[in-house]
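# Commentary on secondary and tertiary structure
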Amino acid sequence: MRSLIAFMKKEWMEQVRTGRIVILGIIFVFLGIMNPAVAKLTPWLMELVSESMAEMGMTLTAVQVDAMDSWTQFYKNIPIGLIAFVLMQSGLFTKEYQSGTLVLTLTKGLERYKVVLAKTAVLLGLWSVYYWMCYAITYCYNDIYWENSIASHLGFAAMCWWLVGILVIAFMVLFSALMDSNTAVLTCTGGAFLAVYLLSLLPKVKEYTPAMLMSSSALLIGGVEVAIYYKAIMIAIVMSIASVALSIPVMNKRKV
Amino acid sequence: MEILKIEHLKKRFGDKEVLKGVEMTVPEHSVFGFIGRNGAGKTTTMKTVLGLLKPDEGDIYVAGEKVIYGQTATNRHIGYLPDVPEFYPFMTATEYLNFCGEITGVNKSESRKRSEELLELVGLAGEKHRIQGFSRGMKQRLGIAQALLNRPKLLICDEPTSALDPVGRKEILDILQAVKEQTTVLFSTHILSDVERICSDIAFLNDGVIVEQGTLAEIQGKNRTEEYLLETTREEEAKNLLQVFPNIQELQKNQLSIRGSEETLFKVLKYVADNKIPIHKVEHLEPTLESLFLEVVKG
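Residues numbered from 1 in each chain as written. Chains lettered and ligands numbered in written order. Predicted model: local features only at pLDDT ≥ 70, side-chain atom pairs only at ≥ 80, totals over all residues.

Looking only at helices and strands, chain A features 9 helices and 0 strands. For chain A, the N- to C-terminal ordering of α and β elements is α-α-α-α-α-α-α-α-α. Out of the 256 residues belonging to chain A, those deemed buried represent 41%. The contacts in chain A between residues at least 6 apart in sequence include a share of 79% that link residues at least 24 apart. (Helix = DSSP H or I, 4+ residues; strand = E, 2+ residues; numbered from the N terminus. Buried ≥ 20, exposed ≤ 12 C-beta atoms within 10 Å, placed from the backbone. Contact = placed C-beta atoms within 7 Å.)

The structure is reproduced here in structure tokens:
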């Protein structure tokens, strides 16, 4: 346990000293502020373009914005945050293979599964902090300017997208155990998620695919039962655990 | 008692069979020179001992425990210094050693104390900069410190001096000399003068097998072919001798090497005396490890 914590501390130190933690923090804070900001600025932007639109014979009526517009923006922006997160963290394993830093650590007696667990824990922890920080910023601004209560199942819908991130990270861990290069990890992670998405296009399996969770913003306007997401949530959790679990024997057998 | 035992180790990379049945034992408390040309399979052997490579055949035992690929249990007995050690560049030397201490399960206060001792030993005490700014020699010295942190029974050094300048080489050899009282050192290299300087036991790896193993004195005794230096006063006389005795080799313009028994030397000297060839000197050459290695490899 002590060695696992030591390796997690090393991962944390790496995130801090390489500046990744700050850069990703800035991105997620920016996205969190942008959601209400875009909603808030929409009427002003519309007013700006209304004159030129009038010249073309189009009339714009006054636009009313509320918290729902800000939450819509949140679900548009969060994939950008997830992509930035994956791009910046995709070298977490491969950089160690390429530089050979893992050799000394493993020859010190650290079990390989602890490397997988420590890196996974740090990735999941960071993703959770960034994601919910972005959510909290949007929530607070929305509460100041409008009423969050007009959106239904806010927390549940957000949890669904958080789970999408967890699944993508689990894929990234699995492919990091398998592949040697950053590009290969990114390609395979993207490919695996694309496969999940393509499966969701089949009506019969749609409700079972984790890609269904990406449409959780539909819950906000009401009229949709949360229960329809349960199967996709279960599958996402099982797939995430399976990916991380599978990466352990893969890591045990790989050449470092 | 042996600290390391390798039995019939085979390893193939694609079509190339790198190790063809390595048999080797490293006695405890020895400084063991593992000698072979570049690409002979020294690093492959060492990485297999560390459980980092999977052998195709054969068994390895460290302190009596079997090495299992992918598992690290036997590594608690080992300290490892690769040829080019790579560290986390964002850490300082002290932070790295403390990290290694936590990984190996050394308690915090002992780890700090040991780190200080080792940094002192390798000349990095008080070094506050991050490792990313370290020179190759400094990294090598830190490599030795991390390898010794858990007081290993076996210190494996993979060509620790090959990438260093003469000053760096001397520093590393001095450190290895200093630690040989505390641990068994397995030291792979192709720089034979380094082996002569610090090793008590040696093994020659050639073409994937151990062709010779024993103490330095044993091997020197076993493979000894006498060698004499004959220096003529002029180059022409040396050329004349080369024509008469085909088994003589030219070392320099007027310096000749005579290899073989005393009988061979006497025949040459008789010819020199009979023909009144002026010579400058005759000298018995002590066999170098290099000449032994070449002899063993050739044989």
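Having seen it, we continue.
Moving on, we come to the interface of chain A and chain B. Each partner contributes to the interface: chain A provides 26 residues, whereas chain B provides 22 residues. It is helix α1 (residues 2-17) of chain A that contributes the most residues to the side of chain A that touches chain B, 8 residues altogether. Classifying every residue of the side of chain A that touches chain B by side-chain character gives 8 nonpolar, 9 polar and 9 charged. (Nonpolar A, V, L, I, M, F, W, Y, C, P; charged D, E, K, R; others polar.)

All right, on to unusual backbone geometry then. Residues and elements named next belong to chain B. The residue H29 is not glycine, and still its phi comes out positive at about 60 degrees. Inspection of the secondary structure assignment puts H29 in the loop between β2 (16-27) and β3 (31-36). Among the residues examined, H29 registers 14 C-beta atoms within 10 Å and is labelled partly exposed. Backbone geometry at A63 places phi at a positive 50 degrees, although glycine is not the residue there. In this structure, A63 sits in the loop between β4 (57-62) and β5 (65-66). For A63, a count of 18 C-beta atoms within 10 Å corresponds to the partly exposed category.

Attention shifts here to helix α5 (residues 166-179) of chain B. Residue and element names in this part refer to chain B. Here α5 contains 14 residues, and its C-alpha end-to-end distance of 20 Å stays within 8% of the 20 Å for a straight helix at 1.5 Å per residue. All buried positions along α5 are accounted for by R169, E171, I172, I175, L176 and V179. One side of α5 carries all its buried residues, which in axial view fall inside an arc of 160 degrees. Turned more than 90 degrees off the buried face of α5, the exposed positions are P166, V167 and A178. Residues of α5 that are buried in the fold lie against α3 (108-121), α4 (136-148), β7 (154-158), β8 (184-189) and α6 (192-198). (Expected span 1.5 Å × (residues − 1). Arc of directions from axis to C-beta.)

Residues and elements named next belong to chain B. Here L4 shows up in strand β1 (residues 2-13). The class of L4 is buried, set by 24 C-beta atoms lying within 10 Å. Distance from L4 to L186, taken between C-alpha atoms, is 9.3 Å for residues 182 residues apart in sequence. Aside from chain neighbours lying at most four places away, what touches L4 is T25, V26, V49, V62, L154 and L186.

Okay, the pairing of strand β13 (residues 255-259) of chain B next. Residue and element names in this part refer to chain B. Judged by which residues are buried, β13 turns out to be one-sided: L256 and I258 face inward and are buried, whereas Q255, S257 and R259, on the alternate face, are not. Here 5 bridges tie strand β11 (residues 227-232) to β13, and the two strands are oriented antiparallel to one another. Across the sheet, residue Y228 finds its bridge partner in β13, namely I258. Two elements, strand β12 (residues 248-252) and β13, share 4 bridges in a ladder whose sense is antiparallel. The residue of β13 that forms the bridge with I248 is I258. In this structure, the hairpin formed by β12 and β13 is closed by a connection of 2 residues. (Pairing = 2+ DSSP bridges.)

Attention shifts here to the sheet that holds β13(B). Residues and elements named next belong to chain B. Spatially, the 4 strands line up as an open sheet ordered β12-β13-β11-β14, and their pairing is antiparallel. Each end of this open sheet is capped by a strand with a single partner; those strands are β12 and β14 (279-285). Here the strands of the sheet are splayed against their neighbours by 25 degrees on average, with no regard to which way each runs. Of the strands in this sheet, β11, β12 and β13 are in contact with helix α8 (residues 235-244), which crosses β12 at around 155 degrees. With respect to the sheet, helix α9 (residues 262-274) is in contact with β11, β13 and β14, its orientation differing from that of β13 by roughly 140 degrees. (Axes fitted to C-alpha atoms, helices over the stretch in contact; angles between N-to-C directions.)

Attention now moves to the domain arrangement of chain B. Residues and elements named next belong to chain B. One can read the domain layout of chain B as domain 1 (2-215) and domain 2 (227-298). Put simply, the middle of domain 1 and the middle of domain 2, counted by C-alpha atoms, are 41 Å apart. The interface of domain 1 with domain 2 comprises 8 residues on the first partner and 5 residues on the second. For the side of domain 1 that touches domain 2, the secondary-structure elements that each account for two or more residues are α6, β9 (201-206) and β10 (209-215). Looking at the side of domain 1 that touches domain 2, its residues break down into 5 nonpolar, 1 polar and 2 charged. (Domains from an automatic or database assignment.)

Residue and element names in this part refer to chain B. Pairing of β1 with β2, which is carried by 9 bridges, proceeds in the antiparallel orientation. Paired with L4 across the bridge in β2 is V26. Counted between consecutive antiparallel strands, the loop separating β1 from β2 contains 2 residues, among which G14 sits at a positive phi close to 65 degrees.

One finds A:V168, B:Y96, B:I156, B:L186 and B:F187 to be the most contacted residues of the largest nonpolar core, which totals 132 residues. Top element by residues in this core is helix α7 (residues 154-178) of chain A. It accounts for 17 residues. The residues contacting B:I156, other than those within four sequence positions of it, are B:M46, B:V49, B:I78, B:Y80, B:L81 and B:L186. (Core = buried A, V, L, I, M, F, W, Y, C linked by C-beta atoms within 7 Å.)

Right, let's get into the packing of α7(A) against helix α8 (residues 182-199) of chain A. All names here are of chain A. Closest axis-to-axis distance for the α7/α8 pair is 9 Å, and the angle between their directions is 135 degrees. Accordingly, the angle class assigned to the pair α7 and α8 is oblique. The two elements α7 and α8 meet at a crossing, and its hand is right-handed. Of the residues in α8, those in contact with V168, F171, M172, F175 and S176 of α7 are V185, C188, T189, A192 and F193. (Parallel < 35°, antiparallel > 145°, perpendicular 65-115°, else oblique. Left-handed = near helix turned anticlockwise from the far one by under 90°.)

Residues of chain B with pLDDT of at least 70 account for 98%, and the chain-wide mean is 87. Predicted as a complex, the structure gets a pTM of 0.79 and an ipTM equal to 0.85. (pLDDT = per-residue confidence, 0-100.)

Residue and element names in this part refer to chain B. Within the open sheet, the 6 strands sit side by side as β6-β7-β8-β3-β9-β10. Their pairing is mixed. Because the sheet does not close on itself, it has two edges, and the strands there are β6 (78-81) and β10. On average, each strand axis in the sheet is inclined to that of its neighbour by 15 degrees, with strand direction left out of account. Note: β3 against β9, 5 bridges, orientation parallel. If you follow F32 over to β9, its bridge partner there is D201.

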